[in-house]
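An overview of the molecular structure
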Amino acid sequence: MIPNIICFLGLLVCGSQAVLQVSISLNKAELSVGESKFFTCTAIGEPVSLDWYNPQGERIVSSQHLVLHTGGVRSRLTIYNANVEDAGIYRCQAADANGQTQEATVVVEIYQKLTFRHVQSPQEFRQGEVAEVVCEVISSPVPIMSWFYNDMEITDQHYNRFQVLANNNLQIHKVAKTDEGVYRCEARVEARGEIDFRDIVVIVNVPPVLSVPQQSFNATADNKESVTFTCRAYGSPDPEVTWHRRGKQIEESEQYSLKVRGTTLTVRNIRQDDGGSYSCKASNKAGEAEQELFLKVFVQPQITQLRNVTAVEDSAAMISCTAEGEPLPEISWRRASDGKSFADGDKSLDGRVEVRGRHGKSMLTISGVKLSDWGRFDCEALSWIGGHQKSMFLDIEYAPKFQSNHTIYYSWEGNPVNISCEVMANPQASLLWKKDRQTISTEGPGSARVYNSEGRSLLEVTPMSDRDFGRYNCTARNNIGVRYQEFILAQADVPSNPYSVRLSSVSQRVATVTFMKPDSHGGVPIGHYLVRYKDVGSQDWRDVRSHGVQTVVLLTNLEPNTTYEVRVAAVNGKGQGEFSRTENFQTLPIREPSPPVVHGQRGVGKAYRLGLVKQDDGGMPIVEYIVKYKMQEKDDQWMTKLVPGMNDFVLLQHLQWNTRYEVEITARNVKGLSEPTYFQFSMPQRPDITADSLFSGLGLGAVVGLGLAALLLVLVAVDVSCFFLRQCGLLMCITKKLCGKKSATSSKSKDMEEGKAAYLNDGSKEPIVEMRTEEERITNPDDGSPVIEPNETTPLTEPEKLPLKEENGKETLKTDGIEIKVHGDSSILSKEEDSKA
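Residues numbered from 1 in each chain as written. Predicted model: local features only at pLDDT ≥ 70, side-chain atom pairs only at ≥ 80, totals over all residues. Heavy atoms only, no water.

Scanning the chain from N- to C-terminus turns up six helices and 61 strands. Expressed as a percentage of its 837 residues, the buried residues of the chain come to 35%. Considering only residue pairs separated by 6 or more positions, the chain has 60% of its internal contacts joining residues 24 or more positions apart. Element-wise, carbon and sulfur atoms account for 50% of the exposed surface of the chain, whose accessible area totals about 50800 Å². (Helix = DSSP H or I, 4+ residues; strand = E, 2+ residues; numbered from the N terminus. Buried < 20%, exposed > 50% of the residue type's maximum accessible area, 1.4 Å probe, protein only. Contact = heavy atoms within 4.5 Å. Areas by Shrake-Rupley, 256 points an atom, 1.4 Å probe, with all protein chains shown as cover.)

Now the structure itself:
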């Protein structure tokens, strides 16, 4: 600066002609990349031009990057956003009119500040790979780089898997999830003491890993079953789980349910086509994983094809049964007519029925089909998870078959007869009647008419002359064949005569006739037999018809000791045939009855019932039965009872307990007495009638009530006895209270005095008292019970009445209905009513 000033002063001193001089405001300048700076060039003298030149010696033309502002003796150069290429020596040159030039220079130095370029955070890597954490820094001079992790500088000593590369990036070998975190990239320029850093987040992504608890599942179709697949996915970031089937992703629907962020798949209402493989896929930034799961769907057997079959008799029939299922079922057959079963490979004993099957299809073949094969066949498909059964019907077509061998019919003129032609055929046959090759119409006039129904044709013939008898032909026809059957209508006759007429069981009034059927019934079934009989001394025959065609006839109401003639004839629709040879028999004379038949039955109480079985009365009614009975140990004490002959039992009463009896029964009719029938029986032990038996039907309350009532009656009876006999007791106290003490005492004294005189007899100290009941009763000498003569309505026995006993053994008498009579001069009381008064 000082030299310029000196030069300027020299010019002023030396003369008027000026010298051209140039100067720049700065001789040297430092810029950082991106920085802007300007320089001013000043010229002294009379410059006509002022230009700038770049470090390459090229004249600078104003632009956006390098801008020139020139005016007069000054020119300003501005560098915007300097870059490294802008460094160098810039010259400012001035020229005057004489062509002289002068210039000045400025040195521009450009340096790069620490600059981080394209440093991303976070930076993601996949687990297991070689990770390179990028940290790009530019500066001039070249910076010194350092990496830090967990506040510790990364060196080979501490991190053997970490390495700082030549490009200043950090390399991590086999990066793991544990390497995640914040890494610091630091740059320093020692010359300028400049330092800067960037924190970079490192994320390690872990590829998905799948966990499948169960890989295969079993289910049965069409049972409304559901199966849930589980597929757990692990990774970083959390994987997204999807399900796929047959190359398509499964979405939520009525059939499929996805839950727990898609890790479970539920297949609802499983069907057969739901079986197969299902894919579970998990994906994240680090990759994807796939696992296959299997669903085995078992399908219950289902018969899909079974049809009814029609076969022709003597041909072959093939019946097919197809079934599906998982596992494939085994097929068997069952014939409903006899229950016979056929499996694959089976063959019937006659070799006509055979079964062959393969892959869910079975074929039952019947060779030489018979009518017995007609009917239902059951096809059954069976596997270990179930079975299915269907039935089909085997229909057999066959030519007509006549059902009856009855081809000869009998009738007579004017008697209609029905000739039946019954036919079995499949399909149904048409029936046609002919006589002498002439077709008989169903509605034609004449002696014959036809009535048709399914499987049957009825020919009604009413013979009018001999030409209506003869041969009739029934023709049956269907699409399988034609059959003929011939019927003969012959003239009927009456039956021939029965023979071997015999008489059996002949008694006084009854006889049984037996005979043999006639050899010929005349072509018409016999309707009944006519038995004709009479007394040999009479001319009047009596007729008896048999019951239907029975060959045994009972003759009744015969006379004893009489000879009869009997003969038999058979009767059919045509009429009565000839009689058999006449046979004679004689009834027995009247005699005494046979011995009675007796059976015993225990009666009620002290009675015994003897049943009488009707026996042979000897030809006359039994008048009476004479019944004699006695105790076995008393030989001479027989008791007799007469019973009318119409009775069927004898009732013996008033027997003794624990005693054995002998009975002799004789039947009598007008002819005399039968032989006696003897019978023995024993009476049981006497029953023990106790309070338990008497009151067993009563409740506890009823028993207690009855006991209290009995006790009260006893107390009342004692009190009344004390009143009359001893002038004491509760009744006496009540009387004294009511009548007064004085009168009662005097009355009592008077009565006692009179009583002494009246009661004493011959010096006795005790009164003579006569006691009797209101009704005189007849007692049984055996047990003291009342004796009532039995009649038809009287019960056989009654419970025995035991007298009530006091402690001293005396009998206690009821006060009801007792009369007390005192023998003496006067009576105190004669009736119960007086005592009450």
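Before going further, it helps to examine the pairing of strand β56 (residues 649–652). Side chains of β56 alternate between two faces, with V650 and L652 buried and F649 and L651 left unburied. Bridge count for strand β53 (residues 608–613) against β56 is four bridges, and the pairing is antiparallel. Considered in β56, the bridge of L610 is made with V650. (Pairing = 2+ DSSP bridges.)

With that out of the way, let us pick up the state of the cysteines. Two cysteines, two sulfur atoms, one covalent bond between them: this is a disulfide. What the rule picks out here adds up to five disulfides. In this model, C41 is linked to C92 through a disulfide, with the two sulfur atoms separated by 1.8 Å. Of note, the bridge from C41 to C92 carries an S-S torsion of about -95° and is left-handed in sense. On the criterion of sequence distance, the pair formed by C41 in strand β3 (residues 37–44) and C92 in strand β7 (residues 88–96) is long-range, its members being 51 residues apart. As far as the burial class goes, C41 and C92 line up, both buried. Shown here is the disulfide that connects C135 with C185, its sulfur atoms set 1.9 Å apart. One disulfide, between C135 and C185, carries an S-S torsion of -90° and so falls in the left-handed class. Of the two residues, C135 sits in the loop between β11 (131–133) and β12 (136–138) while C185 sits in strand β17 (residues 181–189), which places them 50 residues apart along the sequence. Using a relative accessible area of 0% as the deciding quantity, one classes C185 as buried. (Disulfide = S-S within 2.5 Å.)

In spatial order, the strands read β52-β53-β56; together these three strands make up an open sheet with antiparallel pairing. Across the chains shown, the open sheet's two edge strands, defined by having one partner strand only, are β52 (597–602) and β56. Each adjacent strand pair in this sheet contributes to an overall mean axis angle of 20°, direction not counted. As defined by bridge partners, β52 adjoins β53 across six bridges and the pair is classed as antiparallel. In the sheet register, V598 faces β53, and the bridge partner there is L612. (Axes fitted to C-alpha atoms, helices over the stretch in contact; angles between N-to-C directions.)

Before going further, it helps to spend a moment on the environment of Y608. With respect to the secondary-structure elements, Y608 resides in strand β53. Along the sequence, Y608 and V650 sit 42 residues apart, while their C-alpha atoms lie 8.4 Å from each other. Here Y608 is in contact with G600, Q601, R602, G603, V650, L651, L652, L655, F679 and F681, once residues within four sequence places are set aside.

So, about the pairing of strand β22 (residues 240–245). Among the six residues in β22, five count as buried, and that is most of the element. Note that β22 and strand β26 (residues 276–284) share five bridges and pair antiparallel. Residue pairing for β26: V241 is matched across the bridge by A282. Of the pairings in the sheet, the one linking β22 to strand β23 (residues 248–249) comprises two bridges and is antiparallel in character.

Here we take up the pattern of salt bridges. In this structure the tally under the stated criterion is 32 salt bridges. Close ionic contact of R335 with D373 constitutes a salt bridge, the shortest N to O distance being 3.9 Å. A residue pair is termed long-range when its members are at least 10 positions apart, and R335 in strand β30 (residues 330–335) and D373 in the loop between β33 (361–366) and β34 (375–383) qualify at 38 residues. Across the pair, D373 and R335 agree in class, each one buried. (Salt bridge = Lys/Arg side-chain N within 4 Å of Asp/Glu carboxyl O.)

Enumeration according to the criterion identifies 15 aromatic pairs in this entry. Ring centres 6.1 Å apart and planes at 55° place the aromatic pair F162 and Y183 in the tilted group. Of this pair, F162 sits in strand β15 (residues 162–164) while Y183 sits in strand β17, placing them 21 residues apart in sequence. There is no split in this pair, since F162 and Y183 are both buried. (Phe/Tyr/Trp six-rings, centres within 6.5 Å; stacked < 30°, edge-to-face > 60°.)

All right, on to the confidence of the model for the chain then. Of the residues in the chain, 83% have a pLDDT of 70 or more, and the chain-wide mean is 82. Contacts from residues 691–696, a stretch scored under 50 in pLDDT, to residues over four places away or in other chains number five contacts. For the stretch residues 741–837, pLDDT sits under 50, and the model shows 86 contacts to residues farther than four places along the chain or on other chains. (pLDDT = per-residue confidence, 0-100.)

Looking now at the sheet that holds strand β25 (residues 264–267). Spatial ordering of the open sheet is given by β20-β25-β24, a layout of three strands whose pairing is antiparallel. The two strands at the open ends of the sheet, each matched to only one other strand, are β20 (227–230) and β24 (256–259). Taken over all neighbouring pairs, the strand axes of this sheet differ in orientation by 20° on average, direction set aside. Here β20 runs beside β25; their pairing, made up of four bridges, is antiparallel. Along β25, the bridge assignment pairs F229 with L265.

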